[in-house]
Amino acid sequence: MQKTHNTLSEKIRIQSVELLNKHLAAAIDLHAQVKQAHWNVRGPGFIAIHELFDRVSVEVENFSDMLAERAAGLGGSANGTIQVAIKESFLIPYPLTIADEAKHLFAVSAALAAFGGSIIEAIGKSADIEDPTTADLFTEISRGIDQQLYFVESHFAPLKVDPPKGS
């Protein structure tokens, strides 16, 4: 750990940096997964989904930057290489053989949801170790992931629901 005037104890900072780096690895992986979908999507809604995936990837990359800068700001090291991301990401590998837009939408939404679920857990863990600023950062990322998930899932056809009987 680097010396810093940050008022959190070194013990808290070490725990926070570990949690931040766990999610940095996954965010780097998530960014690459969304770019994979962006480059390979095919179908009637190509341009809309291609551009959507590009916008989602930019947002995810911003989350990576936020995680890395918080880790460094706490006096830690941001472990953001591809090699670390491959080794440490908790996301399932992205299927490389799909082209169909519906399958890409499903895979990207599943990856966003998995990342978002872990971010929600990180909010609680940050609060438990008494680092409210890192918890707030994870909360901000959670809101952003939820929004990106909403944008992606909005491309699924709505489920047909029969009206209640007697209507």
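You'll find the structure just up there.
A brief look at the structure comes next. (Residues numbered from 1 in each chain as written. Predicted model: local features only at pLDDT ≥ 70, side-chain atom pairs only at ≥ 80, totals over all residues. Heavy atoms only, no water.)

A word on the packing of helix H1 (residues 10-40) against helix H5 (residues 132-153)
Where H1 meets H5, the axes come as close as 11 Å, and the angle between the chain directions of the two elements is 20°. With respect to each other, H1 and H5 are oriented roughly parallel. Between H1 and H5 lies a crossing of left-handed hand. Seen from H1, the contacting residues are Ser 16, Leu 19, Leu 20, His 23 and Leu 30; seen from H5, they are Thr 134, Leu 137, Phe 138 and Ile 145. (Axes fitted to C-alpha atoms, helices over the stretch in contact; angles between N-to-C directions. Helix = DSSP H or I, 4+ residues; strand = E, 2+ residues; numbered from the N terminus. Parallel < 35°, antiparallel > 145°, perpendicular 65-115°, else oblique. Left-handed = near helix turned anticlockwise from the far one by under 90°. Contact = heavy atoms within 4.5 Å.)

Quick look at the nonpolar core
Residues Leu 30, Phe 53, Leu 112 and Phe 115 are the most contacted members of the largest nonpolar core, which totals 41 residues. Within the residue set of this core, elements represented by two or more residues are H1, helix H2 (46-73), helix H4 (101-128) and H5. (Core = buried A, V, L, I, M, F, W, Y, C linked by side-chain atoms within 4.5 Å. Buried < 20%, exposed > 50% of the residue type's maximum accessible area, 1.4 Å probe, protein only.)

So, the packing of aromatic side chains
Taken as a whole and judged by the stated rule, the model has 1 aromatic pair. Note on Tyr 150 and Phe 151: the rings are 5.6 Å apart at their centroids and 45° apart in plane angle, and the pair reads as tilted. Look at Tyr 150 and you get exposed, because its relative accessible area is 54%. Across from the ring centre of Phe 90, 5.5 Å away, lies the NZ or CZ of Lys 22, which sits over that ring. (Phe/Tyr/Trp six-rings, centres within 6.5 Å; stacked < 30°, edge-to-face > 60°. Lys NZ or Arg CZ within 6 Å of the ring centre and 35° of its normal.)

Brief notes about the pattern of salt bridges
Taken as a whole and assessed by the stated rule, the structure comprises 2 salt bridges. For Arg 70, the salt bridge identified is with Asp 131, shortest N-O distance 3.1 Å. With a gap of 61 residues between them, Arg 70 in helix H2 and Asp 131 in the loop between H4 and H5 connect regions that are remote in the sequence. For the pair formed by Arg 70 and Asp 131, the shared burial category is buried. (Salt bridge = Lys/Arg side-chain N within 4 Å of Asp/Glu carboxyl O.)

Regarding H4
Taking 1.5 Å per residue as the helical rise, H4 with its 28 residues ought to reach 40 Å, and the 41 Å between its terminal C-alpha atoms agrees with that figure. Between a side-chain oxygen at the N-terminus of H4 and the backbone nitrogen of Ala 102 the separation is 3.1 Å; the capping residue is Asp 100. Phi turns positive, to about 70°, at Glu 130, one or two residues after H4. (Expected span 1.5 Å × (residues − 1). Polar contact = N/O pair within 3.5 Å; in protein donor to acceptor, adjacent residues only side chain to side chain.)

Some words on the side chain of Asn 21
Inspection of the secondary structure puts Asn 21 in helix H1. Ignoring anything within four residues of it in the chain, the contact list for Asn 21 reads Ser 77, Ala 78 and Asn 79.

Geometry only, nothing functional implied.
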